[in-house]
Amino acid sequence: MEAQLDPMKDDLPLMANTNYMLVKHYILDLDVDFQSKVIEGIIVLFFETGSRYRKTSSTGKEGCQSQFDETCKIRASGPYHVPVTKVSACSSKTEYNDFAICGKGEEDTSDKNGNHSNEEQASGISNSKDFFDIENHGKKDFLLVLDCCDLSVLKVEEVDVAAVSGIEKFTRSAKLTDDSKELENLRNQIVHELVTLPADRWKEQLYYFTCCSQAPGCGELLFTTSTWSLEIRKSGIKTPTDFPHAIRIWYKTKPEGRSITWTTDQSGKWHEGICGHVEYPCRFQNPAARLQAVIPYRVFAPYCLVERCKEHLLQLIPQCLSAAYTTLGTHPFSRLDVLIVPSNFSSLGMASPHIIFLSQSVLPGGGHLCGTRLCHEIAHAWFGLAIGACDWTEEWLSEGFATFLEDIFWAKAQQLSHDEVKAQQELKALLRWRRLRDEVQNSEEELQILRPKKESTGELSESGASVVKHGLKAEKIFMQVHYLKGYFLLRSLARTTGEASYLASLRKFVHKFHGQLVLSQDFLCMLLEDIPEQKESGLTVESIFQNWLDTSGIPKPLLEEGETWKECQLVRQVSGEVTKWIQTNQRIRKSNKKKRKQDDVIFQKLLPDQLVLLLESLLEEKTLCPRILQSLEKTYQLREQDAEVRHRWCELVVKQKYVPGYGDVEKFLREDQAMGVYLYGELMVNEDAKQQELAHKCFATARDHMDVSSAKVVAEMLF
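Here the structure is a predicted model, which is why all the values come from computation and not from measurement.

A.B. asks: Break down the overall build of the protein for me, citing the residues and quoting the values.
C.D. replies: Summing up its helical and strand segments, the protein has 24 helices and 18 strands in all. Contacts in the protein between residues at least 24 apart in sequence constitute 75% of all its contacts with a sequence separation of at least 6. In the form shown here, the protein has an accessible surface area of approximately 34,200 Å², with 51% of it arising from carbon and sulfur atoms.

A.B. asks: I'd like a description of the sheet that holds strand β10 (residues 229-233), backed by residues and values.
C.D. replies: Strand pairing in a sheet relies on backbone hydrogen bonds, with the paired strands running either antiparallel or parallel. Spatially, 3 strands are ordered β6-β10-β9 in an open sheet, and the strand pairing comes out antiparallel. Looking along the sheet, the strands with just one partner apiece sit at the ends: β6 (144-147) and β9 (222-225). Looking at each pair of strands side by side, their axes are set apart by 20° on average, direction ignored. Note: β9 against β10, 4 bridges, orientation antiparallel. In the strand pairing of β10, L222 is matched with R233.

A.B. asks: An account of the sheet that holds strand β12 (residues 297-300) is requested, with residue identities and associated values reported.
C.D. replies: Spatial ordering of the open sheet is given by β12-β13-β15-β14, a layout of 4 strands whose pairing is mixed. Two strands lie at the open edges of the sheet, namely β12 and β14 (349-352), each paired on one side alone. This sheet shows a mean twist of 15° between the axes of neighbouring strands, independent of strand direction. For β12 and strand β13 (residues 336-341), the ladder comprises 4 bridges, and the chain directions are parallel. Bridge pairing in β13 links F300 to L339. Packing against the sheet, helix α7 (residues 306-328) makes contact with β12, β13 and β15 (355-359), and its axis sits at approximately 150° to β12.

A.B. asks: Account for the packing of helix α13 (residues 520-530) against helix α15 (residues 541-549), naming residues and giving values.
C.D. replies: Where α13 contacts α15, the two axes come as close as 10 Å, and the packing angle between them is 130°. Here α13 lies oblique to α15, going by the angle between them. The element α13 and its partner α15 pack so that their crossing is right-handed. Every residue of α15 that contacts α13 at S520, Q521, L524, C525 and L528 is listed here: V541, I544, F545 and L549. Split by residue class, the contact of α13 with α15 holds 7 nonpolar, 2 polar and no charged.

A.B. asks: Any details on the pattern of salt bridges? Residues and values, ideally.
C.D. replies: Applying the stated rule across the entire model yields 33 salt bridges. K428 serves as the salt-bridge partner of D609, at 3.5 Å between the closest nitrogen and oxygen. Of this pair, D609 sits in helix α18 (residues 608-618) while K428 is found in helix α10 (residues 418-441), placing the two residues 181 residues apart along the sequence. Exposure class is identical for D609 and K428. Each is buried. Among the charged side chains, a network of salt bridges with common partners joins E158, D160, E184, R187 and K234.

A.B. asks: Break down the packing of aromatic side chains for me, with residues and values.
C.D. replies: Considering all chains together, one arrives at 21 aromatic pairs under this definition. Judged by centre distance (5.5 Å) and plane angle (75°), the ring pair of F142 and F243 falls under edge-to-face. Of this pair, F142 sits in the loop between α3 (119-123) and β6 while F243 sits in the loop between β10 and β11 (246-253); the two residues are 101 residues apart in sequence, bridging distant segments of the chain. Residues F142 and F243 agree in their burial class; the two are buried. Seen in terms of ring centroids, F170 and Y208 are 5.1 Å apart; in terms of plane orientation they differ by 80°. Their pairing is edge-to-face. In this pair, F170 sits in the loop between β7 (151-159) and α4 (180-195) while Y208 sits in helix α5 (residues 202-213), placing the two residues 38 residues apart along the sequence. Under the relative-accessibility criterion, F170 is labelled buried at 4%. Site record: aromatic cluster; members linked through ring pairs are F383, W396, F401, F509, F513 and F523. The ring centre of F545 lies 3.6 Å from the NZ or CZ of R451, which sits over that ring.

A.B. asks: Could you give an account of unusual backbone geometry, with specific residues and numbers?
C.D. replies: Here the phi dihedral of D150 falls at roughly 60°; this positive angle occurs in a residue that is not glycine. With respect to the element layout, D150 can be found in the loop between β6 and β7. Notably, K657 is not glycine yet its phi reads approximately 55°, a positive angle.

A.B. asks: Just give me the short version of the side chain of E633, but keep the residues and values in it.
C.D. replies: As for its position among the elements, E633 is in helix α19 (residues 626-636). Setting aside residues no more than four positions away along its own chain, E633 makes contact with L638, R639 and W649.

A.B. asks: Explain α18 to me, using residue names and the numbers behind them.
C.D. replies: Since one α-helical turn is 3.6 residues long, residues separated by three or four positions face the same way. In terms of burial, α18 is largely enclosed, as 11 of its 11 residues are buried. Within the span of α18, buried status applies to P608, D609, Q610, L611, V612, L613, L614, L615, E616, S617 and L618. Those residues of α18 hidden inside the fold are in contact with α8 (368-379), α10, α17 (569-590), α19 and α20 (643-656).

A.B. asks: For the environment of V421, give the residues involved together with the corresponding values.
C.D. replies: Relative to the helices and strands, V421 is located in helix α10. Classification of V421 as buried rests on a relative accessible area of 19%. Not counting residues within four places of it along the chain, the set of residues in contact with V421 comprises A411 and L416.

A.B. asks: How would you sum up the confidence of the model for the protein? Please name residues and give values.
C.D. replies: Chain-level pLDDT for the protein is 82 on average; 81% of the residues reach the 70-or-more range. Confidence, expressed as mean pLDDT per element, reaches its minimum in the protein at strand β5 (residues 100-101) with 26 and its maximum at α8 with 97. Scored below 50 in pLDDT, residues 270-280 shows 16 contacts in the model against residues more than four places distant or in partner chains.

A.B. asks: How would you explain a nonpolar patch on the surface if you had to name every residue and give the values?
C.D. replies: A cluster of nonpolar side chains, contributed by V23, Y26, L28 and L30, occupies part of the molecular surface with about 330 Å² of accessible area. Considering the arrangement of structural elements, one finds V23 in strand β2 (residues 21-33). The exposure class of V23 is partly exposed, given its relative accessible area of 34%.

A.B. asks: Got a sec to walk through the state of the cysteines? Specific residues and values, please.
C.D. replies: Tallying each qualifying case throughout the model produces 0 disulfides. Here C148 stays free of any disulfide, with the sulfur of C149 as its closest cysteine sulfur at 7.3 Å. Exposure remark for C148: the relative accessible area of 8% places this residue in the buried category.

A.B. asks: Tell me about the environment of D642, and please be specific about residues and values.
C.D. replies: Along the chain, D642 falls in the loop between α19 and α20. According to the relative accessible area criterion, D642 is buried, its value standing at 1%. In contact with D642, not counting residues within four places along its chain, are P364, G365, H368, L369 and P608. Of note is the side chain of D642, whose polar atom sits 3.0 Å from the backbone nitrogen of E644.

Thresholds applied
Residues numbered from 1 in each chain as written. Predicted model: local features only at pLDDT ≥ 70, side-chain atom pairs only at ≥ 80, totals over all residues. Heavy atoms only, no water. Helix = DSSP H or I, 4+ residues; strand = E, 2+ residues; numbered from the N terminus. Contact = heavy atoms within 4.5 Å. Areas by Shrake-Rupley, 256 points an atom, 1.4 Å probe, with all protein chains shown as cover. Pairing = 2+ DSSP bridges. Axes fitted to C-alpha atoms, helices over the stretch in contact; angles between N-to-C directions. Parallel < 35°, antiparallel > 145°, perpendicular 65-115°, else oblique. Left-handed = near helix turned anticlockwise from the far one by under 90°. Nonpolar A, V, L, I, M, F, W, Y, C, P; charged D, E, K, R; others polar. Salt bridge = Lys/Arg side-chain N within 4 Å of Asp/Glu carboxyl O. Buried < 20%, exposed > 50% of the residue type's maximum accessible area, 1.4 Å probe, protein only. Phe/Tyr/Trp six-rings, centres within 6.5 Å; stacked < 30°, edge-to-face > 60°. Lys NZ or Arg CZ within 6 Å of the ring centre and 35° of its normal. pLDDT = per-residue confidence, 0-100. Patch = residues over 30% accessible without salt bridge, like charges linked within 9 Å, V, L, I, M, F, W, Y side chains within 5 Å. Disulfide = S-S within 2.5 Å. Polar contact = N/O pair within 3.5 Å; in protein donor to acceptor, adjacent residues only side chain to side chain.

Below, the structure is given as structure tokens:
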């Protein structure tokens, strides 16, 4: 029986046996049905034999077979008993493939768990037979395992790449025969030659990948799906070397799938976009790319937000791109599209190759939040995309670096003086320290560890499968510990080394590891070797693991540092303003609430991050009278500030039960869903009838459009 995992709590299993077969290239051909909320189409996968099989094959196939057999014993948990899948081929609109699934005449072949198979139809075996053929002297068929969740797989077939015109150049012999065994070997030889072409032949490689993806099929493959994987085999094939290296999979998503959220276009219209594909060589080796400080960029937004994008975003993009280039060098990608996403998007931003998804919550209130978030997502082009984490539990390698570099990029984009940079970054450090302190006090300890698998980080099973520790916990997506602890570790290393030397090491790291997956020790070892002063100070990879990455809570080196930031000029300025507000509040309360002219108090203008600190400080006060709250909003025009400031204002409104501000809370929960989740909890914890009614009202309006994980967390707070 397959283990039943709680999709909101347990570790995320990665089942693919990548050590035996590794995907080297893929081509997608998809259609989207907005009415049924289903994405349907084809993916063509091109494989190379995995590293473990290549290493062990020198001992002979017999030696490798025992490894496959062990894998098979684990996975052979029961028979396949699923009816025949009827799939027909029809012409596709896109240029990448001539095959697509036609909706008519299709039968639902899923079992009660939504799992699919064609084993019975394709193999002719009985229901009680194990899904491996026991023949050929007792050897079992090789089983290809791919990670797969919430998909309905309809058909799997081998692709006849040998049928492509001109493909003979990739064979050792131009003679093509009709012998089936020779053809199978020839097809795999073609794919091998294609995926191992040198980098300077990338155009030719891309052309033939496209042609091969359009080649006809040459036989269906046996398959079955489970909750977390798709398993494929070809009868009689015993090793990865002989398994088809080019396969085509027909599939469709499920409306209830957890990886897709559907929302309404704010413009109320659908416009067919113009294809904007560009050539993609390795830019780090391209002399022209190395000189390109600002890559081409475009912004896509609904009509109702176009003017807001013009106010700040359009001006900020080239400034932030140039700052990133000045810091790290060559942009990993040749263009950048920025897509403004709806209010129900579950975060303030997300980066993918060539595109950044930016929440509309960053647009109002000036350019500060928009600029810092844009810098954060741009940083992911290097850390998270060009360089990825070998083990997905090491999120800090992406988020910690992006948070650290966000400050560097933003300072350069604003062209600040050295003193201004230092003051802003120390203020930001204090805000993040306060956030980290609050998070470690209000979260599970096991979720605060940056390397939860510790010495097992990066290890795979014999087949190449692994798990993402805590990968399915719903509350984890709202936590910032990987951002914050990772940021403070990098900041600490930079302060020890000196920023100039440190950034030079980052550029060296990017140049060495771009296009690769890394572990924490890859970065730390290179840094310590590159900067001997670190080693001389007693800093080691082991001590960093112990103090920063393998323990919960606030790292020991950071415990004392929190006090030092309070001496920063910008922080002292906020402290003075907080004192004025508290004293004014005390005078008003002592006047027995009699109306009298308020003493004239001059309050200074504050930066957005200073306003955040001011409001957080006032949140620590037990009682603020309504006149103070009214004056506070008027003085700083809080309703017109960015989402970070407005979030703290809403927290203050809720804590003080300031009824005139409830409209601000309702508006925030409706329009800034990426940041409003925990406001629901604060509305409920006060046990105030009006506040609880407001929480239920807002949730009832928004829940059908909310991100699934967000809706679940809020529902647990309310019910």
